[in-house]
Amino acid sequence: MRVKNTPGFVLLNRPFGETSWIVEVFSREYGRLALMAKGARTKKSKYRGMLQPFQPLMMSWSGKGEIPLLTGAETAAGFNELLGQSMICGFYLNELIYRLLARHDPHRSLFDQYTLAMDRLQNPDELHSALRTFEFIILRETGYELRLDCDFESGKAIQDDVNYRYVNGRGVLQFNGTQVRDDVYSGHMLRALVSGKTLDHSDLGQAKHLLRVQLSHLLGRRDIVSRTLYQASFRE
């Protein structure tokens, strides 16, 4: 199989032998896959400084095995370098893709959303909203879409000024109680999440709780490394 000049991003690199990388890639047309970048760690490599996370690339490869050979890579229209907390947030998105997507399963819509997220992460004010939007979309793309558009008992559309509980496997249900609960969410937040709008500061905590609970079922007990790094960045 030969692939030429298809858009993709590097998720992470793993050393192979003394001079090469195994490069985990997220491509628009072929999904997540691993590529062998021979000699990429040498000073004279044509890939030197190129196979880095967050840099949009046009990539080529060939081979029928589990790890085809990278035969070419060129930088596409670039983003500014992600720094500090923006970089850690980018690694968090990469971890989600690496752990939740099966190899060789295209997710074109998710790729496009990832590209948008890389752009949003350059704005410090957009970090948390960008993460929540991407978490919502990757759940949908992996078959665990959250049904947030209507009350599953009454069938009524979600209202901004009404509170709801999320019931796993069913959706949202109007909540009429007065007690404070972690699993109660405002209709305003739910509607914003579904529509892909930038979340208000007041909605971010609720959205984070809802999405992290759902993601935890898929990720299991293994820690997300970038979350630990992000939390540590606030303690420095």
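Our structure is the block above this text.
Residues numbered from 1 in each chain as written. Predicted model: local features only at pLDDT ≥ 70, side-chain atom pairs only at ≥ 80, totals over all residues. Heavy atoms only, no water.

Draft legend 1. Local environment of the sheet that holds strand E8 (residues 184–186). Strand order across the open sheet formed by 3 strands is E7-E6-E8, with antiparallel pairing between neighbours. The sheet terminates laterally at strand E7 (171–174) and E8, the two strands that pair on one side only. Each neighbouring strand pair of the sheet contributes to a mean axis angle of 45°, computed without reference to strand direction. Judged from the 3 bridges that link them, strand E6 (residues 163–167) and E8 form a sheet pairing that is antiparallel. Opposite Asn163, over in E8, you have Ser186 as the bridge partner. Here helix H4 (residues 187–195) sits on the sheet and contacts E6, E7 and E8; the angle it forms with E8, its principal contact strand, is near 70°. Lying on the sheet, helix H5 (residues 201–219) is in contact with E6 and E8; it crosses E8 at an angle near 135°. (Pairing = 2+ DSSP bridges. Helix = DSSP H or I, 4+ residues; strand = E, 2+ residues; numbered from the N terminus. Axes fitted to C-alpha atoms, helices over the stretch in contact; angles between N-to-C directions. Contact = heavy atoms within 4.5 Å.)

Draft legend 2. A look at the pattern of salt bridges. A full pass over the atoms with the stated rule returns 13 salt bridges. Ionic pairing is found between Arg108 and Glu29, a salt bridge with its closest N-O pair at 2.9 Å. Of this pair, Arg108 sits in helix H2 (residues 108–120) while Glu29 sits in the loop between strand E2 (20–27) and strand E3 (31–37); the two residues are 79 residues apart in sequence, bridging distant segments of the chain. Since its relative accessible area comes to 40%, Arg108 is described here as partly exposed. The network of salt bridges with shared partners includes Arg14, Glu24, Arg32, Glu66 and Arg103. (Salt bridge = Lys/Arg side-chain N within 4 Å of Asp/Glu carboxyl O. Buried < 20%, exposed > 50% of the residue type's maximum accessible area, 1.4 Å probe, protein only.)

Draft legend 3. Geometry of the nonpolar core. Of all hydrophobic cores here, the largest spans 46 residues; its most connected members are Leu93, Tyr114, Leu121, Leu148, Leu190 and Leu210. Going through the elements one at a time, strand E1 (2–16), helix H1 (84–100), H2, helix H3 (127–141), E6, H4 and H5 are the ones with two or more residues in this core. For this core, the element with the highest residue contribution is H3, accounting for 8 residues. If we skip the residues at most four places from it in the chain, Tyr114 touches Phe9, Phe26, Phe54, Leu93, Asn94, Ile97 and Phe134. Residues Val23, Leu57, Met59 and Ala73 belong to the second largest nonpolar core, which totals 16 residues. (Core = buried A, V, L, I, M, F, W, Y, C linked by side-chain atoms within 4.5 Å.)

Draft legend 4. Expanded view of H4. For H4, the set of buried residues is Gly187, Met189, Leu190, Ala192 and Leu193. Turning to H4, the residues buried within the fold contact H3, E6, E7, E8 and H5. Just past H4, the residue Gly196 takes up positive phi, approximately 80°.

Draft legend 5. Up close: the packing of aromatic side chains. According to the stated counting rule, one finds 7 aromatic pairs in the structure shown. Centre to centre, the rings of Phe9 and Tyr114 are 4.9 Å apart; their planes meet at 75°, and the pair counts as edge-to-face. Separated by 105 residues along the polypeptide, Phe9 in strand E1 and Tyr114 in helix H2 bring together distant segments of the chain. Across this residue pair, the class does not change: Phe9 and Tyr114 are buried. In this structure, Arg41 packs its charged tip against the face of Trp21, placed 5.6 Å from the ring centre. (Phe/Tyr/Trp six-rings, centres within 6.5 Å; stacked < 30°, edge-to-face > 60°. Lys NZ or Arg CZ within 6 Å of the ring centre and 35° of its normal.)

Draft legend 6. How the structure looks around the pairing of strand E5 (residues 69–75). Note: strand E4 (residues 57–62) against E5, 6 bridges, orientation antiparallel. What sits directly across from Met59, in E5, is Ala73. Between E4 and E5, which follow one another and run antiparallel, lie 6 residues, and Gly63 among them has a positive phi close to 130°.

Draft legend 7. View of the packing of H1 against H5. The contact between H1 and H5 brings their axes to 11 Å, and the two run at 45°. It follows that H1 is oblique to H5 by the angle criterion. The hand of the H1/H5 crossing is left-handed. Contacts between H1 and H5 involve Tyr92, Leu96, Arg99 and Leu100 from the first element and Arg212, Leu215, Leu218 and Leu219 from the second. Residues of the contact of H1 with H5, tallied by class, amount to 6 nonpolar, no polar and 2 charged. (Parallel < 35°, antiparallel > 145°, perpendicular 65-115°, else oblique. Left-handed = near helix turned anticlockwise from the far one by under 90°. Nonpolar A, V, L, I, M, F, W, Y, C, P; charged D, E, K, R; others polar.)

Draft legend 8. Layout of unusual backbone geometry. Phi at Phe54 is positive, roughly 80°, even though this residue is not glycine. Among the structural elements, Phe54 can be located in the loop between E3 and E4. For His104, which is not glycine, the phi dihedral falls at a positive 65°. As for its placement among the helices and strands, His104 is situated in the loop between H1 and H2.

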